[in-house]
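# Survey of secondary and tertiary structure
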Amino acid sequence: MNKKRNTGWKPDYKLQFSPIFSDPLNFIKIIKYLFFYPGLIVPWNLFFLILSAIIFYLLTPEIENFYYFNYKLYLLIFFRNLLLIVCIWGLLHFLLYNLKIQNEEYKYNSEFPKSKNKVFLFNNQTYDNIFFTIFSGVPIWTAYEYFSYYCFANDYFQSISLVSNPIYTIFLIVLFIPVYHEIHFYLIHRLIHIKSIYKYVHYVHHKNINPGPWSGLAMHPIEHILYFSGVLVFLLLPSHPLLVVFFITRASIGPALTHSGFDKILINDNNFLEAGHYQHYLHHKYFNCNFGDIIIPIDKWFGTFNDGSAEIKNK
Ligand SMILES: [Zn+2]
Ligand SMILES: [Zn+2]
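The structure displayed is predicted, hence computed values, not measured ones. (Residues numbered from 1 in each chain as written. Chains lettered and ligands numbered in written order. Predicted model: local features only at pLDDT ≥ 70, side-chain atom pairs only at ≥ 80, totals over all residues.)

### Regarding the overall build of the chain
- Summing up its helical and strand segments, the chain has 13 helices and 2 strands in all.
- Dimensions along the principal axes, computed over C-alpha positions, put the chain at roughly 60 × 50 × 45 Å.
- Counting the 315 residues in the chain, one finds 37% classified as buried.
- Pairs at least 24 apart in sequence give 69% of the contacts found in the chain among residues at least 6 apart. (Helix = DSSP H or I, 4+ residues; strand = E, 2+ residues; numbered from the N terminus. Buried ≥ 20, exposed ≤ 12 C-beta atoms within 10 Å, placed from the backbone. Contact = placed C-beta atoms within 7 Å.)

### A word on unusual backbone geometry
- Looking along the chain, the bond that leaves Asp23 and enters Pro24 is cis, with omega of 0 degrees.
- That bond from Val42 to Pro43 is cis: its omega, 10 degrees, falls within 30 degrees of zero.
- Tracing the chain through its elements places Pro43 in helix H3 (residues 41-58).
- With a phi angle near 55 degrees, Asn123 is a residue other than glycine that sits in the positive phi range.
- Among the structural elements, Asn123 can be located in the loop between helix H4 (71-98) and helix H5 (125-153).
- For Asn290, which is not glycine, the phi dihedral falls at a positive 50 degrees.

### Focus on the pairing of strand E2 (residues 271-274)
- The pairing of strand E1 (residues 264-268) with E2 spans 4 bridges and is classified as antiparallel. Pairing of Asn268 across the sheet is with Asn271, part of E2.
- With antiparallel pairing between neighbouring strands as the criterion, E1 and E2 make up a hairpin whose turn holds 2 residues. (Pairing = 2+ DSSP bridges.)

### Quick notes on helix H8 (residues 221-228)
- Listing the buried residues of H8 in full gives Glu223, His224, Leu226, Tyr227 and Phe228.
- Buried-residue contacts for H8 involve H5, helix H6 (166-192), helix H7 (195-206) and helix H9 (241-253).

If you want it as structure tokens, here you go:
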């Protein structure tokens, strides 16, 4: 077997955290990171914001309808979410893993998952991942989303006007939601790596050593309950339903990207879109590093950061 082919794509630079928390602060770098491509907002947070606006303004009934629990409404939101995930995640999987539009180019692990692997349910990684996503991920995501609308309808979540609070709104979108999501994810992720919890709960996700888009929400139900619980912060923080949908959309649709297995995605003949989450790929490869993401250096503070140096040496 060709040894070079097996190495997969690796960056030839060390992973770095965003400039927001760098020391000393470099304001030019921060502005570039916040507002230019590729950065925090463009392309992916902008994509999630637009998607959230479509979901909330076009695909969600008026908030008043959520005053009581109504199972028909729950099912409506469930099937809408199912359709979203099948269309978006399914498309990404179809392009990268079925059509193989870019073969192994920018793929972290040059191997594509084997069609038969007895580690997984149904002896197949994709079917296993789809099963946990559809029968646990989407119902629990929908429950949290329904609960959020219920809280707005009953004033448990305090609603603000986006237009009257532009600076606060921008603060929530640009900084608070991405940073808070990362801290919450880091904490619950460390929790489920405790041996006694890992072997019953988080092992489901870590069967995916060579992840693909459908691996993102391939989790045990307890992990889903913890993972989506971040939305409960809005019990304390005044917000707007659109921003809560933004939080939930990042958490539910985002994992397709963080687990795509590719650093860049082909968009036309010669152009690739930045879509990399190499730090999380290293987490799947080594298990005991990079529990968080890349905006805040929380892994560095807790001594769990792997910057990919070893991979560069082995290149
Ligand atoms: Zn993962
Ligand atoms: Zn893990």
